[in-house]
Amino acid sequence: RLFFYHHASAFSPCPSTRELVIMATTDALSLRGVLRGHRGWVTAIAVNEDGTQVLSASRDKTIVQWNITRGDGEGALSQYGIAHRALKGHGHFVEDVVLSKDGQFALSASWDGSLRLWDLNEGKTTRQFVQHTKAVTSVAFSPDNRQIVSGSKDHTIRLWNTLGECKITIDEASQSHSDWVSCVHFSPSTTTPLVVSAGWDKLVKVWTITDEFKLKQNLAGHTGYVNAVTISPDGSLCASGGKDGTAMLWALEEGKHLYSLDAKDIINALVFSPNHFWLCAATDSGIIIWDLESKQEVATLSKDFPDFGTSTLVPSPAALSLAWSADGTTLYAGYSDNLVRVWGVSM
């Protein structure tokens, strides 16, 4: 069986289905607070290893560094952290942000066509990566932080070193996406290094990078553009989602479709929990969390949640981005009403 918590030592056993049903009816998650400060959609979130610092990227062209204080209450009135600084330099929407393993550096991707490497202690750009000819939609660090992969609306995937030198460009019609590349990810597995990409051509692509950057296989099945792809913490599973509102689960090594889950709305982001056998989807109407053993919903977090805190300007905010704290107790979600809402696992 491919279920990663069965064989990955980092995983704690999952609650039984009966426990999950009880949990779902007694609120598996609660709204702990918000991070308020952006002036545009919150497009991406990254959390450092000890959970003390969060980065959020936005359409306001900035990345904000937050110091997490955990707030003094519940719901949208509780400020969960303090903005330490805004990282400025991009000339257009910032679409993605990721952290280095040691939490000292961040990489951002922007519609201005560039990537930036930031020194978080100084709050300054140390490198600019300029080769893409259109908006950069996604960026990822390799597990050892020595390689960087990016995807763009120019239909290409590029592999870089940390000096900002572009080493490989995937743009051959026979291999590359035939439309915008929406998402790129490195597998966390160091034994079989892989990159997974998703595109508006309805495909998920798996790439090997051991000797050369080469297409391993296409994972086909989506009926609309794909916005999001994510990989389980042990590298065995991949999940993808987008316009068709379906989260598709794949066995990454075999490239086999396992099953699908219905999100009932456009999926904007997907993430696996680091310590439960859960998949979380950010959609235009909220967040859905599934237990992958029972394939049941653990939680649905919509604007009807108590103290959600909507405004008259954006009465139905879309959930756009997701990131878990490393210990799996806190889920950060970015929305189209410019807020990061912070959800805590009540267990």
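Look a little higher up for the structure.
Here is what the cut-offs are and how they apply
- Residues numbered from 1 in each chain as written.
- Predicted model: local features only at pLDDT ≥ 70, side-chain atom pairs only at ≥ 80, totals over all residues.
- Heavy atoms only, no water.
- Helix = DSSP H or I, 4+ residues; strand = E, 2+ residues; numbered from the N terminus.
- Rg over C-alpha atoms; globule rule 2.2 N^0.38 Å.
- Buried < 20%, exposed > 50% of the residue type's maximum accessible area, 1.4 Å probe, protein only.
- Areas by Shrake-Rupley, 256 points an atom, 1.4 Å probe, with all protein chains shown as cover.
- Lys, Arg positive; Asp, Glu negative; His and termini not counted.
- Charge placed at Lys NZ, Arg CZ, Asp CG, Glu CD.
- Polar contact = N/O pair within 3.5 Å; in protein donor to acceptor, adjacent residues only side chain to side chain.
- Pairing = 2+ DSSP bridges.
- Axes fitted to C-alpha atoms, helices over the stretch in contact; angles between N-to-C directions.
- Core = buried A, V, L, I, M, F, W, Y, C linked by side-chain atoms within 4.5 Å.

Trainee: Would you mind showing me how to read the overall build of the protein chain here?
Mentor: When helices and strands are tallied, the protein chain shows one helix and 28 strands. Over its C-alpha atoms the protein chain spans a radius of gyration of 19 Å, differing by no more than 12% from the 20 Å that the globule rule assigns to 347 residues. Counting only C-alpha atoms and orienting by the principal axes, one finds that the protein chain spans roughly 50 × 45 × 35 Å. Scored against the burial criterion, the 347 residues of the protein chain give a buried share of 58%. When the accessible surface of the protein chain is summed, it comes to about 14,300 Å², and 49% of that surface belongs to carbon and sulfur atoms. Of the side chains in the protein chain, 29 bear a positive and 36 a negative charge, and the two mean positions are spaced by 4 Å.

Trainee: Any chance you could explain the environment of Thr137 here in plain terms?
Mentor: Position of Thr137 relative to the elements: it lies in strand S10 (residues 136-141). Distance in space between the C-alpha atoms of Thr137 and Glu95 is 5.6 Å, their sequence separation being 42 residues. At 2.5 Å, the side chain of Thr137 forms a polar contact with the backbone oxygen of Val181.

Trainee: How should the sheet that holds strand S26 (residues 319-324) be read in this particular structure?
Mentor: Spatial strand order, S1-S28-S27-S26: four strands in an open sheet with antiparallel pairing. The open sheet has two edge strands with one neighbour each: strand S1 (29-36) and S26. Across the sheet, the mean angle separating the axes of adjacent strands is 25 degrees when strand polarity is ignored. Pairing geometry for S26 and strand S27 (residues 330-335), over five bridges, is antiparallel. Residue pairing for S27: Ser321 is matched across the bridge by Gly334.

Trainee: How should I be thinking about the nonpolar core in this particular structure?
Mentor: One broad trend across soluble globular proteins is that nonpolar side chains are buried collectively. Counting 23 residues, the largest nonpolar core has Leu29, Ile287, Ile289, Leu322, Leu331 and Trp343 as its most contacted members. The set of elements that each furnish at least two residues to this core consists of S1, strand S22 (267-272), strand S23 (278-283), strand S24 (286-291), strand S25 (296-301), S26, S27 and strand S28 (339-345). Grouped together as the second largest cluster of nonpolar side chains are 17 residues, Tyr259, Leu261, Leu279 and Ile288 included.

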